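# Structural characterization, general
The chain contents come next:
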Amino acid sequence: GEGTPKYEKYLKTRYLNDNISFLGYVDKNKFLKNIDLLVVPSIWEEPFGRTVIEAYQYGIPVIASNIGGLKEIVSHDSTGMLFKAGDSEDLLSKVNLVLNDERRYVRLAKSAKSNSEEFETNTHLSKHLNLYKEFV
């Protein structure tokens, strides 16, 4: 995304590292086509976490903190991994677990892709319509 120039300068100064790139705004579809794993290290209890569903559409496993809605949409060791929010060692262990085990990675990626269908518009509309019909 985009931040204020002052905040960007702070981040670039504090986290100057060859492994970190500050990309600014990037089209999500172009970005998701070029990553292998999405990490969502939220410390705020997000109610949903749309980025997870967007990653699933590309068959990208997700490693997310175990709080808020994230723990509801990331199935641990099925569509990705959950780690203890704020625990960088737990996060690192989960990243290593996924990236160092090709069979696990492939299994998670396939599951993420198939799970994305649950969140497609037609599926949601159909579920809501069926629920409505039960009570009418």
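As shown above, the structure is provided for reference.
About the cut-offs
- Residues numbered from 1 in each chain as written.
- Predicted model: local features only at pLDDT ≥ 70, side-chain atom pairs only at ≥ 80, totals over all residues.
- Heavy atoms only, no water.
- Salt bridge = Lys/Arg side-chain N within 4 Å of Asp/Glu carboxyl O.
- Helix = DSSP H or I, 4+ residues; strand = E, 2+ residues; numbered from the N terminus.
- Buried < 20%, exposed > 50% of the residue type's maximum accessible area, 1.4 Å probe, protein only.
- Contact = heavy atoms within 4.5 Å.
- 1 Å grid on protein atoms, 1.4 Å probe; cavity = no way out; pocket = protein on both sides within 12 Å on 5 of 7 lines; lining within 4 Å.
- Points joined across faces, edges and corners; volume = space filled by probe spheres on them.
- Nonpolar A, V, L, I, M, F, W, Y, C, P; charged D, E, K, R; others polar.
- Core = buried A, V, L, I, M, F, W, Y, C linked by side-chain atoms within 4.5 Å.

### A few points about the pattern of salt bridges
Within the structure shown, the criterion is met by 7 salt bridges. A salt bridge links Lys-28 to Glu-54; the nearest nitrogen and oxygen atoms lie 3.1 Å apart. Of this pair, Lys-28 sits in helix 2 (residues 28–32) while Glu-54 is found in helix 3 (residues 50–57), placing the two residues 26 residues apart along the sequence. Ionic pairing is found between Arg-104 and Asp-77, a salt bridge with its closest N-O pair at 3.0 Å. Placement of Arg-104 in helix 6 (residues 102–116) and of Asp-77 in the loop between helix 4 (70–73) and strand 3 (80–83) is noted, with a sequence separation of 27 residues between them. Looking at Asp-77, the relative accessible area reads 26%, which means it is partly exposed.

### Things to note about the environment of Asp-36
Looking at the secondary structure, you find Asp-36 in the loop between helix 2 and strand 1 (38–40). On the accessibility criterion, Asp-36 (52% relative accessible area) is exposed. Asp-36 sits 26 residues away from Val-62 along the chain, and the two C-alpha atoms are 9.3 Å apart. If near-sequence neighbours (up to four positions away) are discounted, Asp-36 is found in contact with Ile-60, Pro-61 and Tyr-105.

### Quick word on the layout of surface pockets
Its volume calculated, the largest pocket comes out at about 890 Å³. Lining the largest pocket are 18 residues, and of these Phe-31, Ile-35, Leu-37, Leu-38 and Val-39 lie nearest its centre. Secondary-structure elements contributing two or more residues to the lining of the largest pocket are helix 2, strand 1 and helix 3. Of the residues belonging to the lining of the largest pocket, the class tally is 12 nonpolar, 3 polar and 3 charged. In this structure, the second largest pocket occupies an estimated 450 Å³ of space. Residue classes in the lining of the second largest pocket are distributed as 6 nonpolar, 5 polar and 2 charged.

### Comments concerning the nonpolar core
Counting residues in hydrophobic clusters, the biggest one holds 17 residues, and the most contacted among them are Leu-38, Val-40, Val-52, Tyr-56, Val-62, Ala-64 and Val-74. Elements represented by at least two residues in this core include exactly strand 1, helix 3, strand 2 (62–65) and helix 4. By residue number, the principal contributor to this core is helix 3, which donates 4 residues. Apart from the residues within four sequence positions on either side, Val-52 is in contact with Leu-38, Val-40, Val-62, Leu-70, Ile-73 and Val-74. Membership of the second largest hydrophobic core comes to 8 residues, among which are Leu-37, Ile-63, Phe-83 and Leu-91.

Distances and angles like these do not, on their own, reveal function.
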